[in-house]
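Structure assessment
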Amino acid sequence: MDKELRDFLHKALGVWEGPATASDTFARRQGFGDAAAFSTWRRALMVQLEAGADLSPAEMGRILPIARIAVFDDYYGAGWEWTLVTPYSQDEAEKLRQQAEVEV
């Protein structure tokens with residue numbers, strides 16, 4: 001995984017501390033027990049990405065839909081605020097997300 005993709009995924013996870021909202025319902029739909037478990041997983045993954053660690057195919061499979069929600073969903077994710085809180089346009093983010101899908 002290259003640095004640009006790593007940075008994008010880090011940003012996609014980071015918006016869950018700001019404009020994106022992970023409720024217990026959202027977290028359960030993503031396979032977590034509750035929002036706190038999602039937050040713990042998200043923070044640990046952000047540390048791994050910062051350290052340059054490769055993510056397992058299972059983790060990539062889990063993060064990609066969550067990244068898509070962060071970018072495009074106006075209810076749970078950052079949605080229209082995405083371009084205000086990250087250096088990426090939604091088009092750039094989608095291209096990077098699709099690149100990551102190919103790498104899985």
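As the structure is a prediction and not an experimental result, all values here were calculated from the model.

Looking at the overall build of the protein
- From N to C terminus, the protein includes six helices and zero strands.
- Going residue by residue from the N terminus, the α and β elements of the protein occur as α-α-α-α-α-α.
- Taking 2.2 N^0.38 as the reference for a compact globule, 104 residues should give roughly 13 Å; the C-alpha atoms of the protein span a radius of gyration of 12 Å, in line with that estimate.
- Reported as C-alpha extents along the three principal axes, the dimensions of the protein are approximately 30 × 30 × 20 Å.

Some thoughts on the packing of helix 1 (residues 3-14) against helix 4 (residues 57-72)
- Taken N-terminus to C-terminus, the directions of helix 1 and helix 4 make an angle of 65°; their axes are 9 Å apart at the nearest point. Regarding helix 1 and helix 4, the two cross each other, and that crossing is left-handed. When helix 1 is examined against helix 4, the residues F8, L9, A12 and L13 are found in contact with a partner set consisting of M60, I63, L64, A67, A70 and V71.

Let's talk about the pattern of salt bridges
- All chains considered together, the criterion is met by five salt bridges.
- Between R6 and D54 there is a salt bridge; the shortest N-O distance is 3.5 Å. Of this pair, R6 sits in helix 1 while D54 sits in the loop between helix 3 (35-51) and helix 4, and the two are 48 residues apart along the sequence.
- Exposure remark for R6: the relative accessible area of 10% places this residue in the buried category.
- One salt bridge connects R97 with E94, and the closest N-O pair in it is separated by 2.7 Å. Separated by three residues within a single helix, R97 and E94 lie in helix 6 (residues 90-103), roughly one turn from each other.
- The exposure class of R97 is buried, given its relative accessible area of 8%.

With respect to the packing of helix 4 against helix 6
- Helix 6 packs onto helix 4 with a crossing angle of 170° between their chain directions and a minimal axis gap of 10 Å. The orientation of helix 4 with respect to helix 6, classified from their angle, is roughly antiparallel. In this structure, helix 4 uses M60, L64, R68, V71 and F72 to contact helix 6, whose residues at the interface are Q90, A93, E94, R97, A100 and E101.
- Per-class residue counts for the contact of helix 4 with helix 6 are six nonpolar, one polar and four charged.

Conventions used here
- Residue positions within a chain follow its written sequence, with the count starting from 1.
- Confidence filtering applies because this is a predicted model: local features only for residues at pLDDT of at least 70, side-chain atom pairs given and counted only at 80 or more, and all residues used for totals across whole chains, interfaces and linings.
- The basis for every side-chain value is the complete set of heavy atoms in the structure, and neither hydrogens nor water enter the calculation.
- Runs of H or I in DSSP of at least four residues are treated as helices and runs of E of at least two as strands, each being numbered from the N terminus.
- With the radius of gyration taken over C-alpha atoms, the globule rule is written as 2.2 Å times the number of residues to the power 0.38.
- The convention used is that axes are lines fitted to C-alpha atoms, helices contributing only their stretch in contact, and that angles between N-to-C directions extend from 0 to 180 degrees.
- Two helices crossing with the near one rotated counterclockwise from the far one by less than a right angle form a left-handed crossing, whereas a clockwise rotation gives a right-handed crossing.
- The criterion used for residue contact is that any of the two residues' heavy atoms lie within 4.5 Å.
- We define a salt bridge as a contact between a side-chain nitrogen of Lys or Arg and a carboxyl oxygen of Asp or Glu at a distance within 4 Å.
- Residue exposure (1.4 Å probe, protein chains only): buried if accessible area is under 20% of the type maximum, exposed if over 50%, otherwise partly exposed.
- Note on terminology: angles under 35 degrees are roughly parallel, angles over 145 are roughly antiparallel, angles of 65 to 115 are roughly perpendicular, and the others are oblique.
- Residue polarity is assigned by list, with Asp, Glu, Lys and Arg as charged and Ala, Val, Leu, Ile, Met, Phe, Trp, Tyr, Cys and Pro as nonpolar; anything else, Gly included, falls into the polar class.

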